[in-house]
Amino acid sequence: MCGIIGYTGEGNAVPKMTKGLTVLEYRGYDSVGIAAETEDAIEVVKCKGRITSLEEKLEKHPIEGAHCAIGHTRWATHGGPSDVNAHPHKAGNVVLVHNGIIENYKELKDELSKTGTPFLSETDTEVAAATLNACYRPGSDPVKAIREATAKMKGSYAFGILFVDLPGEIYAIRQGSPLILAKGEDGYYLASDMTALLPFTKTYYPLKEGQIAHLTPDSGTLVAGDGRVFEPQWKKTEMTPESAQKGGYEHFMLKEIYEQPEAIVKSASTRITKDGLPDFSVDGILPDFWKPVKNIQIVACGSAMHAGIVGAKLFEEVAKIPASVYIASEYRYHPPLAVEGTIVIPISQSGETADTLAAMNYAKSKGLPTVAIVNAVETTIAREADHRVYTYAGPEIAVATTKGYCTQVSVLFMMAAAAAHACGRISDDEAKALVQSVVKDAPAAVLSMLEKRDYLRELARGLAGKEHIFYIGRGLDYALSMEAALKLKEISYIHCEAYAAGELKHGTISLIEEGTPVIAISTEKALYDKTESNVREVRSRGAKLILICRADAENPERSADSVIYLPINSLAATLFAAMTAVQTIAYETAYLCGCDIDRPRNLAKSVTVE
Ligand code: G6P
């Protein structure tokens, strides 16, 4: 986590820092700071809080005439959120910002303390700054010093570095944490993510591990591990500045929910042959790829893991390939047995989640082929997987994912269909029907649910202010319930649990009392009666019941206080409509609770620490 930005050039550096950091806030938002070079010194301004707190500070003490600066927005790991722990950190001739964790910072700190180095903060970053400072003397080679210092560090890092005696120059290096360079008309940039730089330029280069970037007002060069200096191969992004703005919506989350129909089409439409069959050859995955696959292990975190659970069920039901889902942070330490023909599918919106990356690397070290499903292009997981399948959801800014999750599910739908068809387990017509259900029915179903937003808001009134809420469902609906509960609790702070509908009676039903809200999801016709029995069990114990069910369910009003009807033209239609309903309920509930929807407390969107 944490967002980094840097700029050197002819322009005014400070407003660029605050503008870029505002976009990067999704990476962490408990403290913020900049270091800007003026004629006489490097001025550091930092504080606990959001960019607005920094802007207030800068209004009182403006920094004039800075053309080179670095900035940082933090998600605290070592040392709580405070002014002193905020980045940038200065040690002697070095000022730096950092994203990642220096795991051996205690040893490094002890060593430096012995030689009298003072430390002001509790952070590992200040130790990194001091380590680099110990390797550098004004006039000596900064690249050599950076190599020497980073060689002593264990862990992950992306650093943006200023040296006091080298005005106008920024150095950068990364390991495990993302960093991109960019070239604008008025200078050179550095950022954790291209979205922060869209107001300034579209030309970028994702820094590779082992490379050191050296930016000056009129050059951006790389230094390879062997000392070779060369120009990056600049690329152009297709993202627009608008894609990282709210576009008239009150929150990014709402905007992103409304973007889902288009995102589903984008994610699916590049994976269809002209005959309408599912086809991932654009991702380098030909039909033959699936034939020897005997087992699928999906690794992911949070919502991506929940999408994986839906995917695993689809792989098993549609393609008849055994599939399991593993929480990425567990996978490496308790690895499952891998039979011959096992492939691993890491799923990650950001493409940078440290746990998912570590799980994927573990799988690779065991010789297992990896097919990563990723949204953010050119990110570490995408680059390092054997195959990458982009979800094309576009930038997702709200911390609570919606369109990211939605497109992961749509890609998994298509992938299960492709695997099933390639292995001869479904006919051409069945495969075509599945594809159509994703590209046509699913987007329409999302839209039809959004038309019911007023009704969903009314239902949210009965949830806002409650202490506990339960989601229940069976099969795919249990998978969706997990995501629904996560969505609700992460942004409204109401305790919400998902239960397999049949499991609640084995203990947790004791928590149901008069008025406890229970939301039951029932999208599968064959399971409706069973789920309805569970609905009756909780209702007879006082639960206030919202039932999300198929439009053809028989008389659902008799078992629920409120009913949300779902379209029934295909499994995809029903599922994506239910998904939209639970996302909107979470949004409206958090709204009524007055929560900071796009920036929920304690969270960060991209979690680049283990
Ligand atoms: C964080 C976010 C979650 C997200 C998870 C995995 O915890 O807050 O919303 O699902 O990371 O992120 P990824 O980028 O790998 O999908």
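Residues numbered from 1 in each chain as written. Predicted model: local features only at pLDDT ≥ 70, side-chain atom pairs only at ≥ 80, totals over all residues. Heavy atoms only, no water.

Here we take up the overall build of the chain. A tally of helices and strands in the chain yields 17 helices and 25 strands. On the principal axes, the C-alpha backbone points of the chain span a range of 80 × 55 × 45 Å. Contacts in the chain between residues at least 24 apart in sequence constitute 71% of all its contacts with a sequence separation of at least 6. When the accessible surface of the chain is split by element, carbon and sulfur atoms take 51% of a total near 23,200 Å². If the 63 positive side-chain charges of the chain are averaged to one point and the 77 negative ones to another, these points end up 3 Å apart. (Helix = DSSP H or I, 4+ residues; strand = E, 2+ residues; numbered from the N terminus. Contact = heavy atoms within 4.5 Å. Areas by Shrake-Rupley, 256 points an atom, 1.4 Å probe, with all protein chains shown as cover. Lys, Arg positive; Asp, Glu negative; His and termini not counted. Charge placed at Lys NZ, Arg CZ, Asp CG, Glu CD.)

Another point: the pairing of strand S2 (residues 31-37). By the criterion of burial, S2 is predominantly enclosed, with seven of the seven residues buried. As consecutive antiparallel partners, S2 and strand S3 (residues 42-48) are separated by four residues. As judged from the six bridges shared by S2 and strand S4 (residues 68-74), these two strands associate in the antiparallel manner. Following the sheet pairing, alanine 35 is matched in S4 by isoleucine 70. (Buried < 20%, exposed > 50% of the residue type's maximum accessible area, 1.4 Å probe, protein only. Pairing = 2+ DSSP bridges.)

Here we have five strands laid out as an open sheet, ordered S17-S16-S18-S19-S20, and parallel in their pairing. This sheet does not close on itself; its edge strands, each paired only once, are strand S17 (323-327) and strand S20 (387-390). On average, each strand axis in the sheet is inclined to that of its neighbour by 20°, with strand direction left out of account. In this structure, strand S18 (residues 342-348) lies alongside strand S19 (residues 371-374), joined through two bridges in parallel fashion. Within the sheet, the bridge partner assigned to serine 348 lies in S19 and is valine 374. Packing against the sheet, helix H10 (residues 354-365) makes contact with strand S16 (295-300) and S18, and its axis sits at approximately 165° to S18. (Axes fitted to C-alpha atoms, helices over the stretch in contact; angles between N-to-C directions.)

Turning next to the packing of helix H12 (residues 403-422) against helix H13 (residues 428-450). Relative to each other, H12 and H13 sit at 175°, their axes nearing to 10 Å. In terms of orientation, H12 and H13 fall into the roughly antiparallel class. Mapping the contact onto sequence places Ser410, Phe413, Met414, Ala417 and His421 in H12 and Asp428, Ala431, Leu434, Val435 and Val438 in H13. For the contact of H12 with H13, the class distribution of residues is seven nonpolar, two polar and one charged. (Parallel < 35°, antiparallel > 145°, perpendicular 65-115°, else oblique. Nonpolar A, V, L, I, M, F, W, Y, C, P; charged D, E, K, R; others polar.)

Looking at the assigned domains, one finds that the chain contains domain 1 (3-238), domain 2 (252-444) and domain 3 (452-596). Here the C-alpha centroids of domain 1 and domain 3 sit 45 Å apart. (Domains from an automatic or database assignment.)

Every residue lining the ligand is accounted for by Cys301, Gly302, Ser303, Ala304, Ser348, Gln349, Ser350, Thr353, Val399, Ala604, Lys605 and Val607. Serine 348 is positioned such that a nitrogen or oxygen atom in its side chain is 2.6 Å from an oxygen atom of the ligand. A distance of 2.7 Å separates an oxygen atom of the ligand from a polar backbone atom of glutamine 349. At three residues, helix H8 (residues 302-319) tops the list of elements feeding residues into the shell around the ligand. When grouped by side-chain class, the residues that make up the shell around the ligand number five nonpolar, six polar and one charged. (Near = heavy atom within 4 Å. Polar contact = N/O pair within 3.5 Å; in protein donor to acceptor, adjacent residues only side chain to side chain.)

Moving on, we get to the state of the cysteines. Overall, the coordinates contain zero disulfides when judged by the stated rule. Looking at cysteine 549, it has no disulfide partner, and the nearest cysteine sulfur is the one in cysteine 496, 19 Å off. (Disulfide = S-S within 2.5 Å.)

Note the cis peptide between histidine 87 and proline 88, where omega equals 0°. Within the secondary structure layout, proline 88 lies in the loop between S4 and strand S5 (89-91). Backbone geometry at asparagine 602 places phi at a positive 65°, although glycine is not the residue there.

With that settled, consider the environment of glutamate 111. Along the polypeptide, glutamate 111 turns up in helix H3 (residues 105-114). For glutamate 111, a relative accessible area of 49% gives the class partly exposed. Sequence spacing of glutamate 111 and glutamine 349 is 238 residues, and the spatial spacing of their C-alpha atoms is 39 Å.

A separate point is the environment of lysine 202. Its place among the elements puts lysine 202 in the loop between strand S10 (187-191) and strand S11 (203-206). Given the relative accessible area of 33%, lysine 202 is considered partly exposed. Not counting residues up to four positions away in its chain, the partners in contact with lysine 202 are Met194, Lys235, Lys236, Thr237, Glu238, Met239 and Thr240. In terms of polar contacts, lysine 202 uses its side chain to reach the backbone carbonyl oxygen of methionine 239, at 3.3 Å.

A word on the packing of aromatic side chains. Note on aromatic pairs: each is described by the distance of the centres and the angle between the planes. Counted by the stated rule, this structure contains 14 aromatic pairs. Summarising the aromatic geometry, the rings of tyrosine 188 and tryptophan 234 are spaced 6.2 Å apart at their centres and angled 45° between planes, so their arrangement reads as tilted. Taken together, the positions of tyrosine 188 in strand S10 and tryptophan 234 in the loop between strand S14 (229-230) and strand S15 (235-236) put the pair 46 residues apart, joining distant regions of the chain. Assessed through its relative accessible area of 9%, tyrosine 188 is described here as buried. Ring centres of tyrosine 587 and tyrosine 591 lie 6.0 Å apart, and the angle between their planes is 40°; this geometry places the pair in the tilted category. One end of the pair, tyrosine 587, and the other, tyrosine 591, are both in helix H17 (residues 571-592), four residues apart, so they sit about a helical turn from each other. Put simply, the rings of Tyr7, Tyr189 and Phe200 pair up and form one aromatic cluster. It is lysine 16 that lies over the ring of tyrosine 7; its NZ or CZ is 4.7 Å from the centre. (Phe/Tyr/Trp six-rings, centres within 6.5 Å; stacked < 30°, edge-to-face > 60°. Lys NZ or Arg CZ within 6 Å of the ring centre and 35° of its normal.)

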